[in-house]
Amino acid sequence: MNKPNLTVDIAGLRLKNPVLTASGTFGFGSEYAPFVDLNRLGGIVVKGLTLEPRLGNPPPRMVETPAGILNSIGLQNPGVDCFLAEHLPFLRQFATPVIANIAGNSLQEYVAVAEKLTGASGIAALEVNISCPNVKRGGLQFGADPSAAAQVTRAVKKATTLPVIVKLSPNVTSIGEVARAVAEAGADALSLINTLAGMTIDIRRRRPALGNITGGLSGPAIRPVAVRAVWEVYQAVKLPIIGMGGIVCAADALEFIMAGARAVAVGTANFLNPGATMEILSGIERFLEENEIGDINELVGIAHE
Amino acid sequence: MKHFPAVEVIRQEMVAPDCYRLHLFAPEISASAKPGQFLHIRITPGLEPLLRRPFSVHAADRQKGEVAVLYRVVGRGTRLLAEKKKGETLDVMGPLGRGFTLPAPGQKAALVAGGIGIAPLFFLLQTLAGLKNSVHVLLGARVAKELLLIREIGAYKPSLMVATDDGSRGRRGPVTELLRELLAERKADRVYACGPTAMLKTVAALLQKHGVDGELSLEERMGCGVGACLSCVCKTSSKDGTSFAYRRVCLEGPVFPARDVIW
């Protein structure tokens, strides 16, 4: 039997395989270059970018929870100009699409960041972060409300010629409703889910464990929540979905694909195992071969049939 | 590559109550590790605990291809690590991070360790033994039985001074009192410190007062260990000195110039 087809199409963006890195867990790629062959990734989604540099939240920024981690980084990043000048040139060496995650305090900031990235060579798509739970502004204020989410989507779409992927939050009453709103506003694809809002108390200090008090939960603990979200959004809209939330092995990734995701992103698992993306990729390939499936696309949403 | 999924445990020894030294067979790490760098160890292939744990390189034997880490059992991860036996394997990333800057020829070095803080400084001491610098080791702990590796430190023939909180051995009081005197007598040109935050803060203040350069090995909860997740940051002065920046302990540290850290 021939090698199965692993290429997938996300809003006109052709990925050589469906395994991406999740924003915020893979830096700007160079950090993991000693551990992962960046050429073999389906795509690299970089750390969230804002117009100006951001300091981020005070530490502690991470606590371990059962089968998960709670983080409150707060979008620390050097700003879009520094990314373009100092980090993007490194990423251009690889035959892997770079997806830039963008965030902003205001509609205008999203637009300004999108415009700067659109002119740059080496950016394949934008992922619009309207779902960060760790910043006062520029996160959930847009993602929690369908009409605000649609407004950001429309503004970014107008500002760029790149495919626009909107990253949705699970911290909403109906993720399907937000998905419908951003689809109508012109989104080309969706990524889901961002982290779940949560907190822990350090009982020894009698204070919240995180410097920012609350944080976003990720890791295997949230996987069933994420699979359910993908399932619901797949039924709500026709857009391609990038699924994520606690994927640590190929079987996890296949769950998301069968629920309706055309690609998957690996986040927290990179911290446990820097080779996680590569193992997931070869595991998916092996699964297709063993089950005599010629094309990964045959499995997308198959659980709905 | 710096990722070794199956590093063999050579032996594990208890060096004090709740303190263990783990010897690993890792020739590549042993050959390249510098004092102050760390290993990021996945203690279990399962999901509990989920994250790796960072440990300073405590010693390296290049001939045997071995490295050691020294740790205190403080939680689930270290408790599981203490159960590892000869012949078992661990998933290790490393050596990672930025280590100590060695003293210039002729500079007098002082190593200040609080409790388990001797872990990276012992490797520095080993390395300094091959140089001609004079070396002071100031070792502090709460009580005498928690003073770690005194005999082994002595074998490198540094000028060794000891302090305990209860006075059960050496000077009664914090180890930083010994440093205060050493600096006042101008017996140290370059200081290296690792230990509890309160101790490091005092060390930094003493260094500033006396205009002596020094480096601190910091500890922070880590995610990735390679600079990608921005979890393990510490507050440092910005390059132009007008404001501050959060720098990554895993990548830009764990060793920082004492004057850069904002407390």
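Predicted, not measured: the structure shown is a model, and the values here were computed from it.

Enquirer: What am I meant to see in the domain arrangement of chain B here?
Expert: Frequently, the measure chosen for interface size is the accessible area that the parts lose on association. All names here are of chain B. We note that the domain assignment places domain 1 (3–96), domain 2 (100–217) and domain 3 (220–263) within chain B. Computed from C-alpha atoms alone, the centre-to-centre distance between domain 1 and domain 2 is 24 Å. Across the contact, 18 residues belong to domain 1 and 17 residues belong to domain 2. Across the domain 1 to domain 2 interface the summed buried area is about 1,400 Å²; carbon plus sulfur atoms make up 66%. The largest share of the area that domain 1 buries against domain 2 comes from P35, H58 and R72, three residues that together contribute 40% of it. At the boundary of domain 1 with domain 2, the tally comes to one salt bridge. Ionic pairing is found between E152 and R21, a salt bridge with its closest N-O pair at 2.7 Å. Listing elements by their share of the side of domain 1 that touches domain 2, those giving two or more residues are β1 (3–16), β2 (19–25), β5 (59–61) and β6 (66–72).

Enquirer: Help me out: how do you make sense of the pairing of strand β13 (residues 213–217) of chain B in this one?
Expert: Both faces of the sheet carry side chains from a regular strand, because those side chains alternate between them. Residue and element names in this part refer to chain B. With four of its five residues buried, β13 lies for the most part within the structure. Bridging between strand β12 (residues 190–194) and β13 involves five bridges; their strand directions are parallel. Bridge pairing in β13 links R190 to D213. Remark: the β12/helix α6 (residues 197–210)/β13 crossover connection has right-handed handedness.

Enquirer: How should I be thinking about the nonpolar core in this particular structure?
Expert: The biggest cluster of nonpolar side chains holds 140 residues, and the ones touching the most others in it are A:L117, A:L190 and A:I284. Apart from residues no more than four positions distant in its own chain, A:I284 is found in contact with A:L6, A:V19, A:A250, A:A253, A:L254, A:I257 and A:I296. Residues B:A59, B:F100, B:A109 and B:A141 belong to the second largest nonpolar core, which totals 29 residues.

Enquirer: Sorry if this is basic, but what is going on with the sheet that holds strand β11 (residues 196–198) of chain A here?
Expert: In a beta sheet, neighbouring strands are held together by backbone hydrogen bonds and run either parallel or antiparallel to one another. Residue and element names in this part refer to chain A. Spatially, β5-β6-β14-β11 is the arrangement adopted by the four strands of the open sheet, whose pairing is antiparallel. In the strand order of this sheet, the two ends are held by β5 (62–65) and β11, each with one partner. Taking the axes of each pair of neighbouring strands and ignoring which way they run, one obtains an average angle of 35° across the sheet. Of the strand pairs in this sheet, β5 and strand β6 (residues 68–71) are connected by four bridges, and their pairing is antiparallel. Bridging across to β6, E64 finds its partner in I69.

Enquirer: What am I meant to see in the interface of chain B and chain A here?
Expert: Between chain B and chain A, the contact holds 30 residues from the first and 31 residues from the second. Buried surface at the junction of chain B and chain A, summed over both partners, amounts to about 2,600 Å²; 65% is from carbon and sulfur atoms. Looking only at chain B, the three residues that lose the most surface to chain A are B:L50, B:L230 and B:Y246, adding up to 25% of its buried area. For the pair chain B and chain A, the number of links is three salt bridges.

Enquirer: I tried to follow the side chain of A:R61 on my own but got confused; where do I start?
Expert: Topologically, A:R61 is positioned in the loop between β4 (43–45) and β5. Among buried Asp, Glu, Lys and Arg side chains, A:R61 stands out as unpaired, with B:E220 the closest opposite charge at 8.8 Å. Of the polar contacts made by the side chain of A:R61, one reaches the backbone oxygen of B:L230; its length is 2.8 Å. Not counting residues up to four positions away in its chain, the partners in contact with A:R61 are A:L55, A:G56, A:L70, A:N71, A:S72, A:I73, A:Q76, A:L210, B:L230, B:S231, B:V233 and B:Y246.

Enquirer: What exactly am I supposed to notice about the packing of aromatic side chains here?
Expert: To describe a pair of aromatic rings, one takes the distance between the centres and the angle between the planes. Taken as a whole and assessed by the stated rule, the structure comprises 10 aromatic pairs over all chains. The interplanar angle of 85° and the centroid separation of 5.3 Å between the aromatic rings of A:Y110 and A:F142 together place this pair among those described as edge-to-face. Of this pair, A:Y110 sits in helix α2 (residues 107–118) while A:F142 sits in helix α3 (residues 140–143), and the two are 32 residues apart along the sequence. Like A:Y110, the residue A:F142 is buried in the burial classification. Among the aromatic side chains, those forming a connected cluster through ring pairs are A:F26, A:Y32 and A:F35. Above the face of the B:Y246 ring, A:R61 is positioned so that its terminal group lies 4.7 Å from the ring centre.

What counts, and where the lines are drawn
Residues numbered from 1 in each chain as written. Chains lettered and ligands numbered in written order. Predicted model: local features only at pLDDT ≥ 70, side-chain atom pairs only at ≥ 80, totals over all residues. Heavy atoms only, no water. Domains from an automatic or database assignment. Contact = heavy atoms within 4.5 Å. Buried area = accessible area lost by both parts, 1.4 Å probe. Salt bridge = Lys/Arg side-chain N within 4 Å of Asp/Glu carboxyl O. Helix = DSSP H or I, 4+ residues; strand = E, 2+ residues; numbered from the N terminus. Buried < 20%, exposed > 50% of the residue type's maximum accessible area, 1.4 Å probe, protein only. Pairing = 2+ DSSP bridges. Right-handed = clockwise from strand over helix to strand, strands pointing away. Core = buried A, V, L, I, M, F, W, Y, C linked by side-chain atoms within 4.5 Å. Axes fitted to C-alpha atoms, helices over the stretch in contact; angles between N-to-C directions. Lys, Arg positive; Asp, Glu negative; His and termini not counted. Polar contact = N/O pair within 3.5 Å; in protein donor to acceptor, adjacent residues only side chain to side chain. Phe/Tyr/Trp six-rings, centres within 6.5 Å; stacked < 30°, edge-to-face > 60°. Lys NZ or Arg CZ within 6 Å of the ring centre and 35° of its normal.

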